Amino acid sequence: MAEQLGELTRTHTCGALRPDDVGAEVVLLGWVHRVRDLGGLLFVDVRDRAGITQIVFDRDDEALMAKGKRLRSEFVVGATGRVRRRSAETENSKLATGEVEVVVRQLTLLNEARTPPFPIADDTPVSEDVRLKYRYLDLRRPRLQANIGLRHRVTAVIRQYFDANGFWEIETPILTKSTPEGARDYLVPSRVHPGEFFALPQSPQLFKQILMIAGVDRYVQICRCFRDEDLRADRQPEFTQVDVEMSFARPETIFGVIEPLVREVFAVVGREIDTPFQRMPYSDAIATYGSDKPDLRCGMPIQDLRELFRESKFRVFREIVDSGGTSRGFVVKNAAGYSRSELDGIVDQAKQLGAAGLIWARRAEDGAITSSVMKALGEEEIRRMLDAASAEKGELLLAAAGEPDATSRMLGQLRLALARRKGLLNPDEYAFAWVVDFPLLEWDHEARRYNSVHHPFTSPHDADFDLLEREPGQVRAKAYDLVLNGNEIGGGSIRIHDATVQRQIFSLLNISPEEAKLRFGFFLEALEYGTPPHGGIALGLDRMIAIMAGETSIREVIAFPKTAAAVDLMCDAPSPVDSKQLKELHLLLKK
């Protein structure tokens, strides 16, 4: 039977004791981390979130020694004793407390534990499903303890920063109106209003804009958001974002607030971030890196090679360029070691990524030139191609032709695949950039209508308002994404603050006046009561902390995540509910 805590009070955490504490009488409370029973000597490591301390049982106290020998991994204990210095040969340099130990005078067994389904003391690989089912045990392991501690420190810095810069943290509703912004809403049936539903917010978008109408001026919230998306490997149905909105803001106003914040956040892990961040138009990001969230760490920009092929002997590329297509390529450094079979593998990989074909040309360390199209072009034209791409000795040029955006996107994927293979994506390097001037709208060929690239409340670019009527697909948005190492960690825009323009955008999106009134009537009315120009951003807290922690999955920095299939394995949710609950909610399930 477990003993009671009684008057036992912790004096130190298990990570606190140092040589200065030698001789002190202390009380430690925590979990048994490891037991080393050497017969006449018994050593036990006791752990809490602050660290580990070794406690020692005196062989002369037989009753205490017998009680100590009952201890097993994850038992909960209280240990009272005196701190002593460990001998030089027994010090443990891997522990902050490794120079001292506690000689136990009294042991309180607060609770026993079943044998865990996986080791807590060692970070041995365990299947994710097992870890998520026993998340309360997984959270005891050092790696997750460090991640969750980092998350706490980051959110504390974020709150302090925004408070110092005049922002108010305001909570927006969790039960709100369904106004789909792309993903599906999670719907909540109303018991007191039969047949009607609340929705969980995909973001606080409309509420934070209304707060600007209300004169709040500067708003921030670390908020939970919910999206009922199709299954994706590293997405969560509920996630956390740092939501920001400012009145009288231009894009540079937002950048000027967020860049110093990022500097302070990354200082938590001892990293110095250089500002200002690079600004890159969306069109340049796609053309140069094949992505609207480019990873800039590896270099290897995609280059325009059209002029090389306008008069080329290589008929396939020449005809594509003549018909309005493009030819683009990039240079791989230190590529002298690629064998012919490896080069053929790269060509096959490009085809799997959607390329009609890929050609390569290489300048060897001795200056010799080889190419997959040597017979078709001849050495002189290959040399001109390498010179135009600034490919030096030991470097490889890869080139493709086709529709401009599709060609760049394919080359962008191939570029990253080769960068990973060659170890060019340094995890200790942080390459930030703002991607700006996104298209406002994109054409949905199947539905034969425009969709918003970001969301329908994004303002058109000042210079493009006149294009809304005649060429809406050419209108740029006052939208911006913050990208880091190939990840979008934030997205925002300057908002529409004129009700007439907002109605015009709804019309372009094929949202009828009746539907707009039904879904957004309260917001359209609010816009007519003196709305200031305003804008903001939402930073993905989960993704940012995962990058800082060196994790590839956001599940490793969320205390209680769902699986990729949106299931909570620990709670076994979602789960059926009984017929009485369904009846109270006026719901009938179809088989």
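To keep things clear, this report deals only with the structure shown in the data block. Computed from a predicted structure; not experimentally measured.

Rules used in this analysis
- Residues numbered from 1 in each chain as written.
- Predicted model: local features only at pLDDT ≥ 70, side-chain atom pairs only at ≥ 80, totals over all residues.
- Heavy atoms only, no water.
- Helix = DSSP H or I, 4+ residues; strand = E, 2+ residues; numbered from the N terminus.
- Axes fitted to C-alpha atoms, helices over the stretch in contact; angles between N-to-C directions.
- Parallel < 35°, antiparallel > 145°, perpendicular 65-115°, else oblique.
- Left-handed = near helix turned anticlockwise from the far one by under 90°.
- Contact = heavy atoms within 4.5 Å.
- Nonpolar A, V, L, I, M, F, W, Y, C, P; charged D, E, K, R; others polar.
- Phe/Tyr/Trp six-rings, centres within 6.5 Å; stacked < 30°, edge-to-face > 60°.
- Buried < 20%, exposed > 50% of the residue type's maximum accessible area, 1.4 Å probe, protein only.
- Lys NZ or Arg CZ within 6 Å of the ring centre and 35° of its normal.
- Patch = residues over 30% accessible without salt bridge, like charges linked within 9 Å, V, L, I, M, F, W, Y side chains within 5 Å.
- Areas by Shrake-Rupley, 256 points an atom, 1.4 Å probe, with all protein chains shown as cover.
- Salt bridge = Lys/Arg side-chain N within 4 Å of Asp/Glu carboxyl O.
- Lys, Arg positive; Asp, Glu negative; His and termini not counted.
- Charge placed at Lys NZ, Arg CZ, Asp CG, Glu CD.
- Pairing = 2+ DSSP bridges.
- Polar contact = N/O pair within 3.5 Å; in protein donor to acceptor, adjacent residues only side chain to side chain.
- Core = buried A, V, L, I, M, F, W, Y, C linked by side-chain atoms within 4.5 Å.
- 1 Å grid on protein atoms, 1.4 Å probe; cavity = no way out; pocket = protein on both sides within 12 Å on 5 of 7 lines; lining within 4 Å.
- Points joined across faces, edges and corners; volume = space filled by probe spheres on them.
- Disulfide = S-S within 2.5 Å.
- Expected span 1.5 Å × (residues − 1).

## Points about the environment of Ala-559
And step 1. When you line up the elements, Ala-559 lands in the loop between α17 (541-549) and α18 (579-584).
And step 2. A C-alpha to C-alpha distance of 8.9 Å links Ala-559 and Tyr-136, two positions 423 residues apart in sequence.

## Notes on the packing of helix α10 (residues 340-352) against helix α13 (residues 404-421)
And step 1. Contact geometry for α10 and α13: axes closest at 10 Å, N-to-C directions at 140°. When the axis of α10 is compared with that of α13, the two are oblique. Between α10 and α13 the crossing geometry is right-handed. In this structure, α10 uses Ile-346, Gln-349 and Ala-350 to contact α13, whose residues at the interface are Met-410, Leu-414, Ala-417, Leu-418 and Arg-421.
And step 2. Split into classes, the residues belonging to the contact of α10 with α13 amount to 6 nonpolar, 1 polar and 1 charged.

## A word on the packing of aromatic side chains
And step 1. Tallied over the entire structure, the rule returns 17 aromatic pairs.
And step 2. With a centroid separation of 5.1 Å and an interplanar angle of 40°, the aromatic rings of Tyr-282 and Phe-438 are classed as tilted. Placement of Tyr-282 in helix α7 (residues 282-289) and of Phe-438 in the loop between β17 (432-436) and β18 (441-444) is noted, with a sequence separation of 156 residues between them. Phe-438 carries the same exposure label as Tyr-282, and that label is buried.
And step 3. Measuring from ring centre to ring centre gives 6.2 Å for Trp-434 and Tyr-480, while their planes differ by 85°; the resulting arrangement is edge-to-face. With Trp-434 in strand β17 and Tyr-480 in strand β20 (residues 479-484), this pair connects stretches of sequence that are 46 residues apart.
And step 4. One residue, Lys-133, lies across the ring of Tyr-134, its end atom 5.8 Å from the ring centre.

## As for a negative patch on the surface
And step 1. A contiguous patch of negative charge, built from Asp-58, Asp-60, Asp-61 and Glu-62, is present on the exposed surface.
And step 2. Within the secondary structure, Asp-58 sits in the loop between β3 (51-57) and α1 (62-68).

## Re the sheet that holds strand β13 (residues 326-332)
And step 1. Here we have 5 strands laid out as an open sheet, ordered β12-β13-β16-β14-β15, and antiparallel in their pairing. At either margin of the open sheet sits one strand with a lone partner, and together these are β12 (303-304) and β15 (369-371).
And step 2. Set on the sheet, helix α9 (residues 315-322) makes contact with β13, β14 (359-363) and β16 (395-402); between it and β16 the angle comes to about 50°.

## Quick notes on the side chain of Glu-245
And step 1. Examined against the element boundaries, Glu-245 turns out to sit in strand β10 (residues 238-247).
And step 2. A distance of 2.9 Å separates the side chain of Glu-245 from the side chain of Arg-495, its partner in a polar contact.
And step 3. Ignoring anything within four residues of it in the chain, the contact list for Glu-245 reads Phe-167, Lys-208, Gln-209, Met-212, Asp-217, Arg-218, Tyr-219, Arg-495, His-534, Gly-535 and Gly-536.

## Comments concerning the nonpolar core
And step 1. Within the largest apolar cluster, 43 residues are counted, with the highest numbers of intra-cluster contacts made by Phe-162, Ile-258, Phe-266 and Phe-432.
And step 2. With 8 residues, the top contributor of residues to this core is helix α6 (residues 251-267).
And step 3. Ignoring sequence-local partners within four residues, the contact set of Phe-266 consists of Arg-271, Ile-273, Tyr-430, Phe-432, Leu-484, Met-544 and Met-548.
And step 4. Within the second largest apolar cluster, 35 residues are counted, among which are Ile-505, Ile-511, Phe-520 and Phe-523.

## Some details on empty space enclosed by the protein
Empty space among the atoms can be located by rolling a probe the size of a water molecule over them.
And step 1. Tallying each qualifying case throughout the model produces 3 cavities of 30 Å³ or more.
And step 2. Forming the walls of the second largest cavity are Thr-172, Pro-173, Ile-174, Pro-201, Ser-203, Pro-204, Phe-207, Gln-221, Cys-223 and Arg-224.
And step 3. The dominant element in the lining of the second largest cavity, judged by the number of residues it contributes, is strand β9 (residues 218-226), at 3 residues.
And step 4. By residue class, the composition of the lining of the second largest cavity is 6 nonpolar, 3 polar and 1 charged.

## Details of the sheet that holds strand β1 (residues 25-37)
And step 1. Read once around its circumference, the closed barrel built from 5 strands follows the order β1-β2-β3-β5-β4, with strand pairing classed as mixed. When the angles between neighbouring strand axes are averaged without regard to direction, this sheet yields 55°.
And step 2. Pairing geometry for β3 and strand β5 (residues 100-111), over 2 bridges, is parallel. Residue pairing across strands places Val-56 opposite Val-103, the latter belonging to β5.

## Regarding the pairing of strand β2 (residues 42-48)
And step 1. With 7 of 7 residues buried, β2 lies mostly within the body of the structure.
And step 2. By the alternation rule, side chains of β2 split into Leu-42, Val-44, Val-46 and Asp-48 and Phe-43, Asp-45 and Arg-47, which are all buried.
And step 3. Both β1 and β2 contribute to a ladder of 6 bridges, which runs antiparallel. Considered in β2, the bridge of Arg-36 is made with Phe-43.
And step 4. Once β1 ends, the chain turns through 4 residues before running back antiparallel as β2, passing Gly-39 with a positive phi of about 85°.
And step 5. The pairing of β2 with β3 spans 7 bridges and is classified as antiparallel. Of the residues in β3, the one forming a bridge with Val-46 is Thr-53.
And step 6. Hairpin connection of β2 to β3: 2 residues between the antiparallel strands.

## Structural notes on a nonpolar patch on the surface
And step 1. A contiguous nonpolar patch, built from Leu-187, Phe-197 and Leu-587 and spanning about 260 Å² of accessible area, is present on the exposed surface.
And step 2. With respect to the element layout, Leu-187 can be found in strand β7 (residues 186-189).

## So, unusual backbone geometry
And step 1. Going from Thr-275 to Pro-276, the amide bond is cis rather than trans, its omega being 0°.
And step 2. Examined against the element boundaries, Pro-276 turns out to sit in the loop between α6 and β11 (278-281).
And step 3. Backbone torsion omega between Ala-573 and Pro-574 reads 5°, so that peptide bond is classified as cis.
And step 4. Relative to the assigned elements, Pro-574 resides in the loop between α17 and α18.

## Section: the state of the cysteines
Formally, a disulfide is one covalent bond, and it connects the sulfur atom of one cysteine to the sulfur atom of another.
And step 1. Tallied over the entire structure, the rule returns 0 disulfides.
And step 2. The thiol of Cys-225 is not disulfide-bonded; the next cysteine sulfur, from Cys-223, is found 4.0 Å away.

## Considerations on α6
And step 1. Relative to the 24 Å expected for 17 residues at 1.5 Å per residue, α6 spans 24 Å between its end C-alpha atoms, a close match to the ideal helical length.
And step 2. Regarding α6, the residues found buried are Ile-254, Phe-255, Val-257, Ile-258, Glu-259, Pro-260, Leu-261, Val-262, Val-265 and Phe-266.

None of the figures reported here should be taken as evidence of function without further support.
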